[in-house]
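# Coordinate inspection notes
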Amino acid sequence: MKAINIGLILLMCSTACHQEQKKQDTTAEKSDTEKIDQQLSDTASYAHGKNNYRYLKNGDTISLAITIEGDKVHGDLLYAWKEKDRNSGHIDGVLKGDVVVADYTFLSEGQESVRQVVFKLSKDRALEGYGTMEEKAGKMSFVDPQKVTYDEKFPLEKVNASD
């Protein structure tokens, strides 16, 4: 009789543990699904249409106004540093995941130049990427785009089109 009771107790413990494992697996699946949904909603905040980002501090301004259509990106970029020359121009590029890689054609001191720019987009802001550059085919390009770092020093905050 004791052997049957011990067997039943072990069976019940085993069943309870198995049920707890199923519950954890379901919770983990739900958590992963929620994470994907959150990523998609974050992406949706900048994935299509017009987006405006701006940095304003101590008399310095960086303004990025872009339109994203599928993986194509185009728009305007302005750097107005206090007591320095102003750069204003147009960008054309592509969206790769959450990163815009584009050519920035701009005027500075009356001369047209082209350089590569990268911006990492998130729900509320854009961070510009920095790295070693070299001249290639008449434009400044990143030596190794995989080694670009995103600096929090000049975060461009997302603003409404009317701002």
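A quick note: this is a predicted structure, and the numbers were derived from the prediction, not measured.

Right, let's get into the overall build of the chain. What the chain contains, in helices and strands, is 1 helix and 11 strands. Counting the 163 residues in the chain, one finds 29% classified as buried. Partitioning the intrachain contacts of the chain with sequence separation of at least 6 by distance along the chain shows that 34% fall at a separation of at least 24. Summed over all atoms, the accessible surface of the chain reaches about 11,000 Å², with 53% contributed by carbon and sulfur.

Moving on, we get to the environment of Thr 67. Its place among the elements puts Thr 67 in strand β2 (residues 60-69). In the structure, Thr 67 is positioned 19 residues away from His 48 in sequence and 7.1 Å away in space, judged by C-alpha atoms.

This part takes up the nonpolar core. Counting residues in hydrophobic clusters, the biggest one holds 21 residues, and the most contacted among them are Leu 64, Ile 66, Leu 77, Ile 91, Phe 119, Leu 121 and Leu 156. Sorting the residues of this core by element identifies β1 (49-57), β2, β3 (72-80), β4 (86-96), β5 (99-108) and β6 (111-121) as the ones contributing at least two each. By size, the runner-up hydrophobic cluster in this structure holds 5 residues, among which are Val 99, Val 101, Val 118 and Val 148.

This part is about the packing of aromatic side chains. Two numbers describe a pair of aromatic rings. These are the distance of the centres and the angle of the planes. Throughout the structure, instances matching the rule amount to 5 aromatic pairs. The interplanar angle of 25° and the centroid separation of 6.3 Å between the aromatic rings of Tyr 79 and Trp 81 together place this pair among those described as stacked. The buried category is assigned to Tyr 79, whose relative accessible area is 4%. Measuring from ring centre to ring centre gives 5.1 Å for Trp 81 and Phe 154, while their planes differ by 65°; the resulting arrangement is edge-to-face. Within this pair, whereas Trp 81 is found in the loop between β3 and β4, its partner Phe 154 is found in the loop between β10 (149-150) and β11 (156-159), the two being separated by 73 residues in sequence. Using a relative accessible area of 18% as the deciding quantity, one classes Phe 154 as buried. Ring-pair connections join several aromatic residues into one group, and the members of that group are Tyr 55, Tyr 79, Trp 81, Tyr 104, Phe 106 and Phe 154.

Here we come to the pairing of β3. In the sheet, β2 pairs with β3 via 9 bridges, with the strands oriented antiparallel. Bridge pairing links Leu 64 to Leu 77 in β3. With antiparallel pairing between neighbouring strands as the criterion, β2 and β3 make up a hairpin whose turn holds 2 residues, including Gly 70 at a positive phi of roughly 65°. Sheet analysis places β3 next to β4, joined by 9 bridges and oriented antiparallel. Of the residues in β4, the one forming a bridge with Ala 80 is Arg 86. What sits between the antiparallel neighbours β3 and β4 is a turn of 5 residues, in which Glu 83 has the positive phi angle 60°.

The next thing to look at is the confidence of the model for the chain. Model confidence for the chain is summarised by a mean pLDDT of 79, while 69% of its residues fall at 70 or above. With pLDDT under 50 throughout, residues 25-45 is counted as low confidence; its partners more than four residues away or in other chains account for 5 contacts.

Rules and cut-offs
Residues numbered from 1 in each chain as written. Predicted model: local features only at pLDDT ≥ 70, side-chain atom pairs only at ≥ 80, totals over all residues. Heavy atoms only, no water. Helix = DSSP H or I, 4+ residues; strand = E, 2+ residues; numbered from the N terminus. Buried < 20%, exposed > 50% of the residue type's maximum accessible area, 1.4 Å probe, protein only. Contact = heavy atoms within 4.5 Å. Areas by Shrake-Rupley, 256 points an atom, 1.4 Å probe, with all protein chains shown as cover. Core = buried A, V, L, I, M, F, W, Y, C linked by side-chain atoms within 4.5 Å. Phe/Tyr/Trp six-rings, centres within 6.5 Å; stacked < 30°, edge-to-face > 60°. Pairing = 2+ DSSP bridges. pLDDT = per-residue confidence, 0-100.

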